[in-house]
Structures are given as C-alpha cells and as structure tokens.
Amino acid sequence: MPRLPRSLVLVCLLSVALLSGCATAPGRTTSDDPWQGLNRSIYKFNDALDRAAIKPVAQGYQKITPSWLRTGLNNFFSNLEMPWTMVNDLLQGKPQMMAQDTCRLVLNTVVGLGGFIDVADHFDLGEHKEDFGQTLAVWGVPSGPYLMLPFLGPSTVRDGFGRVPGYYGQPLRYAEIPWETKTALSVLDVVNTRTKLLSVEDALSQAYDKYGVTRDAWLQRREYLIYDGNPPELALDEDAEDMESADDSAADNSPVTESPEPSEPSAAAEPTASSAP
C-alpha cells in the first residue's frame, strides 16, 4: 500500500473538526399505505423476478467470489456513490459531514486503490449514505404514501421523485469508458448489493406477511437514515401509537350497548344517600 500523505490526513481531520453542520428538522416518513393492493401486486412481481433470476445469480456470485474480493468491490461501489452523497450533504446544510465525506473520497480514491481499500475507516471517517430523497425530507417535503416500485423495490412518493436526480448524479454515467463496461459495472453493482441481502433471507422467509415485514423494515430504516442514525422515538413510534389508539377507540365503541352493569350500583346508592338524616 502507498505511504499515506500526512499533510492530506491533517488537512482532512482539521476540516472535519472545524466545520459544524446545521440541518433543519426533517419531514416525517409516514407508514400510510393506501395503495396496498397495487403495492402487493408489484411486490409479487419483484419477488418472482428475484427468485427466478437475481437471487440465483447472487448465490452463484457468492460461491465463486472470495470474500476479500466482494469486500473490495463493495468498497469500490460505495466510493462511487460518495460524490453524490457530498452534493446532498451540501444541499442539506451539513458542512461537517460534507468535509468528512470529501476526505473519505480523496483518501480512498488516492490511497485506497480507487476505493477498493477502505483507508478512511482507519481514521474514523465513517461512511454516510445521503441521497436526494433524504434531502427532500430535510427540506420538509412530506413523504407521501408508501410506494412499491417495479424492479426498484420499496419507496415513498417523495423518495420516488428523489431517484430521478440521483440517477443523473452517479459518476459512472459520465465516465469516459465503453458503454459495455458501464453496463457490466452496473449489473455487477446490482448483483453485489443483492448478495449482501442473502444473509437476511431466512428471517424474511419465516415471516407470515413478507410484504408487511419488508414495508415496515424499510420505512424504519429510511427514517434512521434521514435522521443520520439518531431518530427521535416519536418519529418511529407515532404511527404505531396512532394505530393502537385507533384500535382502542374501536374497541371502546363496539360494546357501547353493554352498559347496564355500571348503572345498577349507582341506582342502588341513591336510596342509601336519601335515607341519611
């Protein structure tokens, strides 16, 4: 490995220490699912496509590829996402995070062999995941209903719109390489991402409602990312509490006709009170 430039590390660490972020309060990600019928149909289509093509390829990729190579490729693709993350850091008003991500990109690209080696992690320059959907949330844009997208998977209306500028913000689109290489790298990115999800297959396969588990897990994970790993409890639990209160109110309203029992003691109490001198 090349010798680490101390001046570069010093500048990066100082910039991270001096800058401070100031993000506004993000918009809530609700669990509203009014299009559940359509979403479930799209989920079945995506699941069938995954079981027929994507998952078998990911399983084969995992078998023939050594773990060190998968780790290097994962680092490489994460490094490719860093410029777009930095743009969203800026749009969200997070200069400290932008400085840290800039240092991470420079170190991993220059010293980490184009991003294959995560050098920045040794300097506590952790990885962030910021996209335009999160930026819209920070700007206060409501999430809108939950939305299952064909081929792309779970989303919301807000995050669906956020994917459009994210598509044009990927550096690979502007790399001066043959389109065949770009296509191969894009496919490899999808397969590599799907391989990382193989470890959660067993837990999901035992779920009674895979669609519901996928939706709830994705929404909570999305809220976690929007709040930079520190979501307030209200942001995660408010919808569940609303649903519980709705169920309680429904339960309270259903036995309204069965209320003669509490009235009997009160009626019996009246003569004792009137007989007192």
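All of these numbers come straight from a predicted model, not from anything done at the bench.

**Description of the pattern of salt bridges**
A side chain with one charge may pair with a side chain of the opposite charge, provided their charged atoms come close.
Now for step 1: The tally for this structure, following the rule as stated, stands at 13 salt bridges.
Now for step 2: Asp-228 is paired through a salt bridge with Lys-94; the nearest N and O atoms lie 2.8 Å apart. With Asp-228 in the loop between helix 9 (210-226) and helix 10 (233-253) and Lys-94 in the loop between helix 3 (67-91) and helix 4 (95-110), this pair connects stretches of sequence that are 134 residues apart.
Now for step 3: Among the residues examined, Asp-228 registers a relative accessible area of 37% and is labelled partly exposed.
Now for step 4: Here the salt bridges share partners, and the residues they tie into one network are Glu-81, Arg-104, Asp-118, Glu-127 and Lys-129.

**Let's talk about helix 3**
Now for step 1: With 25 residues, helix 3 should reach 36 Å at 1.5 Å per residue; the first-to-last C-alpha distance of 36 Å fits that figure.
Now for step 2: At Met-82, helix 3 shows its strongest bend, of approximately 35°, with the proline Pro-83 following within four residues.
Now for step 3: Phi turns positive, to about 70°, at Gly-93, one or two residues after helix 3.

**Here we look at the packing of aromatic side chains**
Now for step 1: This model, assessed by the stated rule, comprises eight aromatic pairs.
Now for step 2: Consider the rings of Tyr-43 and Tyr-211, whose centres lie 5.8 Å apart with planes at 75°: the pair is edge-to-face. Highlighted residues: Tyr-43 in helix 2 (residues 36-64) and Tyr-211 in helix 9, separated in sequence by 168 residues.
Now for step 3: Ring geometry for Phe-76 and Phe-77: centres 5.4 Å apart, planes at 65°, overall edge-to-face.
Now for step 4: Residue class for Phe-77 comes out buried when judged on its relative accessible area of 4%.
Now for step 5: Aromatic ring contacts, followed pair by pair, group Tyr-43, Tyr-146, Tyr-211 and Trp-218 into a single cluster.
Now for step 6: Above the ring of Tyr-174, the side-chain terminus of Arg-173 is found at 5.9 Å from the ring centroid.

**Things to note about unusual backbone geometry**
Peptide bonds are, in most cases, trans, and in most cases residues other than glycine have a negative phi.
Now for step 1: Of note, Leu-113 is a non-glycine position whose phi angle comes to about 55°, a positive value.
Now for step 2: The exposure class of Leu-113 is exposed, given its relative accessible area of 52%.
Now for step 3: One non-glycine residue, Phe-151, lies in positive phi territory at about 70°.
Now for step 4: Here Phe-151 shows up in the loop between strand 1 (146-149) and strand 2 (153-156).
Now for step 5: On the basis of relative accessible area, Phe-151 is assigned to the exposed category, the value being 62%.

**A closer look at the nonpolar core**
Now for step 1: Core analysis: the biggest nonpolar cluster contains seven residues, these being Ile-42, Tyr-43, Tyr-146, Met-148, Tyr-211, Trp-218 and Leu-219.
Now for step 2: Elements represented by at least two residues in this core include exactly helix 2, strand 1 and helix 9.
Now for step 3: No other element matches the three residues that helix 9 contributes to this core.
Now for step 4: The contacts of Met-148, once residues within four sequence positions are left out, are Asn-39, Ile-42, Tyr-43, Asn-46, Gly-153, Pro-154 and Tyr-211.
Now for step 5: Residues Tyr-61, Leu-73, Phe-76 and Val-191 belong to the second largest nonpolar core, which totals five residues.

Criteria and cut-off values
Along every chain, residues carry numbers that run from 1 in the direction the sequence is written. In view of the model being predicted, local features appear only for residues whose pLDDT reaches at least 70, and side-chain atom pairs are presented and counted only at 80 or more, with totals across whole chains, interfaces and linings using the full set of residues. Heavy atoms throughout the structure, all of them, feed into the side-chain values; hydrogens and water do not. Each salt bridge in this description consists of a side-chain nitrogen of Lys or Arg and a carboxyl oxygen of Asp or Glu lying within 4 Å of one another. Secondary structure elements follow DSSP: runs of H or I of four or more residues count as helices, runs of E of two or more count as strands, with numbering from the N terminus. To sort residues, take the accessible area from a 1.4 Å probe on protein chains only and compare it with the maximum for the residue type: under 20% means buried, over 50% means exposed, and anything in between is partly exposed. By this rule, a helix spans an expected 1.5 Å times one less than how many residues it contains. To get the bend at a residue, fit one axis to the 7 residues ending there and another to the 7 starting there, then take the angle between the axes. Stacked, edge-to-face and tilted labels apply to pairs of Phe, Tyr and Trp rings (six-membered ring for Trp) whose centres lie within 6.5 Å, assigned for plane angles under 30 degrees, over 60, and everything in between, in that order. Criterion for a charge above a ring: Arg CZ or Lys NZ at most 6 Å from the ring centre, at most 35 degrees from the ring normal. For our purposes a nonpolar core is just a set of buried Ala, Val, Leu, Ile, Met, Phe, Trp, Tyr and Cys residues, chained together by side-chain atoms within 4.5 Å. Two residues form a contact once any of their heavy atoms are found within 4.5 Å.

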